[in-house]
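Fold and geometry: a report
One-letter residues, chain by chain:
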There are 2 protein chains.
Amino acid sequence: MLRDLDELMRNRAIDTLIVPMHEAMHSSFRWLSRGAKVTRGYAVKRVDRNPLLVTYPMEREEAAATGLEVRLASEFDHDRIFQSATNVSAAYAEFFDILLRELGAGDAIAFFGNVPVQLYHGIIESLEARGRRVHRSNGEDIIQLARKRKEPWEIDAIRSVGARTQQVVGGVRAMLRDCERGKSMTIGDLKSFVSSEIARLGMIEDHETILSQGRDAGVPHSRGNAAEEVRRSVPIVLDIFPADKTSGYFFDMTRTFCIGDVPAELQRMHAQVLEAFTLARDAMRAGVEAKHYQDMVCAYFESHGYATLRSDPKTLTGYVHGLGHGVGLDIHEKPSFHLTDANRDLVEVNDILTIEPGLYFPDRELGVRIEDTFVVREGGVESLCEGNYGLKV
Amino acid sequence: MLRDLDELMRNRAIDTLIVPMHEAMHSSFRWLSRGAKVTRGYAVKRVDRNPLLVTYPMEREEAAATGLEVRLASEFDHDRIFQSATNVSAAYAEFFDILLRELGAGDAIAFFGNVPVQLYHGIIESLEARGRRVHRSNGEDIIQLARKRKEPWEIDAIRSVGARTQQVVGGVRAMLRDCERGKSMTIGDLKSFVSSEIARLGMIEDHETILSQGRDAGVPHSRGNAAEEVRRSVPIVLDIFPADKTSGYFFDMTRTFCIGDVPAELQRMHAQVLEAFTLARDAMRAGVEAKHYQDMVCAYFESHGYATLRSDPKTLTGYVHGLGHGVGLDIHEKPSFHLTDANRDLVEVNDILTIEPGLYFPDRELGVRIEDTFVVREGGVESLCEGNYGLKV
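A brief report on the enclosed structure follows. Please read these numbers as outputs of a predicted model, since none were measured by experiment. Here, residues in each chain are numbered from 1, in the same order as that chain's written sequence. Here the convention is simple: chains get letters from A, ligands get numbers from 1, in the order in which they are written. Per-residue local features of the predicted model are confined to residues with pLDDT of at least 70, and side-chain atom pairs are confined, for both listing and counting, to 80 or more; whole-chain, interface and lining totals are unaffected and use all residues. To obtain the side-chain values, all non-hydrogen atoms of the structure were used and water was disregarded.

**Topic: helix H10 (residues 264-283) of chain A**
Residues and elements named next belong to chain A.
- Helix and strand definitions follow DSSP, with helices as H or I runs of at least four residues and strands as E runs of at least two, each counted in order from the N terminus. Between the first and last residue of a helix there are one fewer steps than residues, each counted as 1.5 Å, and that sum is the expected span. The end-to-end C-alpha distance of H10 is 29 Å, a good match for the 28 Å that 20 residues give at a rise of 1.5 Å each.
- Exposed residues in this analysis have more than 50% of their type's maximum accessible area, buried residues have under 20%, and partly exposed residues fall in between, with area computed by a 1.4 Å probe over protein chains only. Of the positions making up H10, those classed as buried are Leu266, Met269, His270, Gln272, Val273, Ala276, Phe277 and Ala280. Buried residues of H10 fall within an arc of 165 degrees about the axis and therefore sit on the same side.
- Contact criterion: two residues are considered in contact whenever any of their non-hydrogen atoms come within 4.5 Å of each other. Of the surrounding secondary structure, the elements contacted by the buried residues of H10 are strand E12 (253-257), helix H11 (291-303), strand E15 (352-355), strand E16 (358-361), strand E17 (366-369) and strand E18 (372-377). Here the arc refers to the directions that run from the helix axis out to each C-beta atom.

Printed below as a string of structure tokens:
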């Protein structure tokens, strides 16, 4: 929430922060700029004030359409500075220095967001040479922290992506039922269907959907082999994470299916993964450290004889990934469930997060993952899509 | 071309460069990693060697599918370091320091690419505190410089996006012909068609397509108003720039249409823009500075009484943008046509670039732009799509 950002800025004595955008939209700019349809610009946030957009003349009207105050780069001597500049970083530093002065910004400034590192490292050095004090975050991203607790409209946006994602998964399920009845199809046929449905329903496929079977299903981020025929009696993992085309909010959901006869070992693992999933889901409460639940699920799997990242950080079989992650304008955001000393992220009311335990044995052609996306409420978590976690299609 | 990068590295005494990826794929990582389907990783390029990918265990097989050598982050103490780290930037610096040492990298290193600035600024400072020498580029992006001259397969990839883009434009043209015959439709109907066609043809719409009419057409980057009915006797600007979903290569193309009676003023401006376009296209030769052609087109428009960015850098009417830009894994890349002292970019053989002059008068409901994407050959430029620049649909 934007007001969380004000508090984070105050606590770190940051007066003004700048989130630049160069060509590629990223989540911090999108959030602060309300999705401004510009190809270049700067979101400037002063403590306790609304963000301001600095843009280029051709995009003045798209920037203004956000409802935010808009200033043009040319108002801050942009054209004069860049006309004769030979050191581009120094030129940007001069531009930002003028901009900050004209806005009456205080001494302490900060940069955040995904930007060209070779450019911004030099800009920060040049600004410091001009006497500006640039905040050192040691890697802490206060915009991501502020984005953690969602506003009601953000929860609605994610719920809407969830409903459409559920619809795509329903379509895959129907295709697999045809396959079970004898129709032959490839993993690529399923992937094409997923891609076109995602587009048809107003969403984008940011990274390729994971649709993998057998051995590939045993490697969590294997995207799957499009050329393979869909096979019977092996796990088929569908991990789908589209974003709404307009709002940019993601949803994340995984189901593991099996057509034909289900091997006993797969059946047992699926039941165990579902039990771990249910355990974490029912236990999760606001105010508790997220990594507590990773610990809980590691203990569960270890008690069933599986290696986990807790018992062996280098394991490539068993429970080889984290329990979940926050979801928003990035597919992976706060809170983190990592079992590290530095991770003190709390589960908080209005967080959106996934729970997604899994078990993986590539050499035995086994991989199982079950995942839903939840909103954290006062008494626990609420799923943002339908259930139906079964192996059978 | 990759071998251009080796020369750029040698000239700047850079032994090893690192292009990180955190969550969001960007063009420098995509290029160097051959589009690795990973969500986190590092492309490491030593001078005169092939890039190496450093990734996380879950994504080991997708990284290996690129054909590049793959190493796991865990081989460089990643887990131990991050387990107890309290300063994330310092932890990454330790990780990179170990990685560079184990690879036998020389003293001078560099970071490039779009990365979280708050993290990487701290990483660079920590690496320097450890005695590493980190290259200062002053904003120069040598990976973008290396990407400028395309390989034959890249030209083919862009030509393929061009053919599909042309097909989408043909569909819009057909819809506008229906509209001319009396069928009513909105700008939003056209935009929906464009979006679904882009998806159907295996491409992505990275930023919203520009489809604007009348006053909006007079503001170059106005995306247009979806709610408006398509109108007669006003300019309709379609600026479409999809990327191939798999390769990531863009195409860029603009046409200006008018249905119904064409006002004389619009007809005249369109003819002038087409003349400017043809002038630049026919004159363009390898070995000449790109900004020479911006100068040429400014002179042409000024001789016809229009303001240009050369005669008035702050003008919002007349010829208000650059003549073109390189196209590749970014929609805007090298060469630059900007009229600044620092811009010494040459037009070179195998560059892919656009030519896109335009004239804009929002208050008179006039905006005209004509754009194609070209490959530079020995004797001039070759269009990568069909012509048909006419106003009539």
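**Re the environment of B:Asp178**
Residues and elements named next belong to chain B.
- Mapped onto the fold, Asp178 is located in helix H8 (residues 152-180).
- Owing to a relative accessible area of 29%, Asp178 belongs among the partly exposed residues under this scheme.
- Placed 215 residues apart in sequence, Asp178 and Val393 show a C-alpha to C-alpha distance of 9.8 Å.
- Residue contacts for Asp178: discarding those within four places in its chain leaves Lys183 and Met185.

**Section: the packing of aromatic side chains**
All names here are of chain B.
- We call Phe, Tyr and Trp rings a pair once their centres come within 6.5 Å, taking the six-membered ring for Trp, and we label the pair stacked below 30 degrees between planes, edge-to-face above 60, and tilted otherwise. Following the criterion strictly, the structure yields 34 aromatic pairs over all chains and no others.
- Centroid distance Phe277 to Phe374: 6.0 Å. Interplanar angle 45 degrees. Geometry classified as tilted. One end of the pair, Phe277, is in helix H10 (residues 264-283); the other, Phe374, is in strand E18 (residues 372-376), and 97 residues separate them in sequence. Here the two residues Phe277 and Phe374 agree in accessibility, since each one is buried.
- Over the aromatic face of Phe361 sits the side chain of Arg364, whose NZ or CZ is 4.4 Å from the ring centroid. Two limits define a charge over a ring: the Lys NZ or Arg CZ must be within 6 Å of the ring centre, and within 35 degrees of the ring normal.

**Quick notes on the interface of chain B and chain A**
- On the chain A side, the residues contacting the 68 residues of chain B number 68 residues.
- Summing both partners gives a buried area of about 5,800 Å² for chain B against chain A, and 51% of it is carried by carbon and sulfur.
- What makes a salt bridge here is a side-chain nitrogen of Lys or Arg within 4 Å of a carboxyl oxygen of Asp or Glu, nothing more. Remark: the boundary between chain B and chain A carries 10 salt bridges.
- The partner of A:Arg136 in a salt bridge is B:Glu125, with the nearest N and O atoms 2.7 Å apart.
- Polar contact criterion, stated in full: a pair of N or O atoms within 3.5 Å, where within protein one must be able to donate a hydrogen and the other to accept it, and residues adjacent in sequence count only if both atoms are side-chain atoms. In this structure, the connection of chain B to chain A is made through 43 residue pairs in polar contact (both at pLDDT 80 or more).
- Residue assignment for the side of chain B that touches chain A shows that the elements contributing at least two residues are strand E1 (16-22), helix H3 (60-64), helix H4 (78-84), helix H5 (88-102), strand E6 (114-116), helix H6 (117-129) and helix H9 (187-200) of chain B.
- Tallying contributions element by element places H6(B) first for the side of chain B that touches chain A, with 7 residues.
- Only Asp, Glu, Lys and Arg are considered charged, only Ala, Val, Leu, Ile, Met, Phe, Trp, Tyr, Cys and Pro nonpolar, and every remaining residue, Gly among them, polar. In terms of residue class, the side of chain B that touches chain A is built from 26 nonpolar, 23 polar and 19 charged.
- Sheet topology places strand E6 (residues 114-116) of chain A next to E6(B); 3 bridges connect them, and they run antiparallel. When the sheet's bridge partners are listed, A:Val115 is paired in E6(B) with B:Val115. Put simply, buried area is how much 1.4 Å-probe accessible surface two parts lose in total, over both of them, once they are put together. Note: two strands are recorded as paired if DSSP finds a minimum of 2 bridges between them.

**Thoughts on the sheet that holds strand E3 (residues 52-55) of chain B**
Residues and elements named next belong to chain B.
- The 6 strands lie next to each other as E4-E3-E2-E1-E5-E7, forming an open sheet whose pairing is mixed. Whereas interior strands pair on both sides, the edge strands pair on one side only; in this sheet they are strand E4 (69-72) and strand E7 (133-134).
- With 4 bridges connecting them, E3 and E4 associate as parallel partners. Across the sheet, Thr55 pairs through a bridge with Leu72, a residue of E4.
- Axes here mean lines fitted to C-alpha atoms, for a helix over just the part in contact, with angles spanning 0 to 180 degrees between N-to-C directions. Strand contacts of H5: E1, strand E2 (40-46), E3 and strand E5 (108-111), with the helix running at about 40 degrees to E2, the strand carrying the most contacts.
- Sheet strands touched by H6: E1, E2, E5 and E7. Its angle to E5, the strand with the most contacts, is close to 175 degrees.

**Overview of the pattern of salt bridges**
- One pass over the full model with this rule turns up 78 salt bridges over all chains.
- For A:Asp4, the salt bridge is made with A:Arg149, and the minimal N-O distance between the two is 2.7 Å. Residue A:Asp4 is located in helix H1 (residues 2-11), and its partner A:Arg149 is located in the loop between helix H7 (142-148) and helix H8 (152-180); the two are separated by 145 residues in the primary sequence.
- The exposure class of A:Asp4 is buried, given its relative accessible area of 16%.
- One salt bridge connects B:Asp178 with B:Arg181, and the closest N-O pair in it is separated by 2.8 Å.
- Within the structure, one salt-bridge network assembled from shared partners comprises A:Asp97, A:Arg101, A:Arg130 and A:Arg132.

**Brief notes about the sheet that holds strand E12 (residues 253-257) of chain B**
Residue and element names in this part refer to chain B.
- Sheet architecture is open: 3 strands sit in the order E9-E10-E12, paired in antiparallel fashion. The open sheet has two edge strands with one neighbour each: strand E9 (210-213) and E12. Across this sheet, the average inter-strand angle for adjacent strands is 10 degrees, counted without regard to direction.
- Here strand E10 (residues 236-240) pairs with E12 via 5 bridges, running antiparallel. Across the sheet, Ile236 pairs through a bridge with Phe257, a residue of E12.

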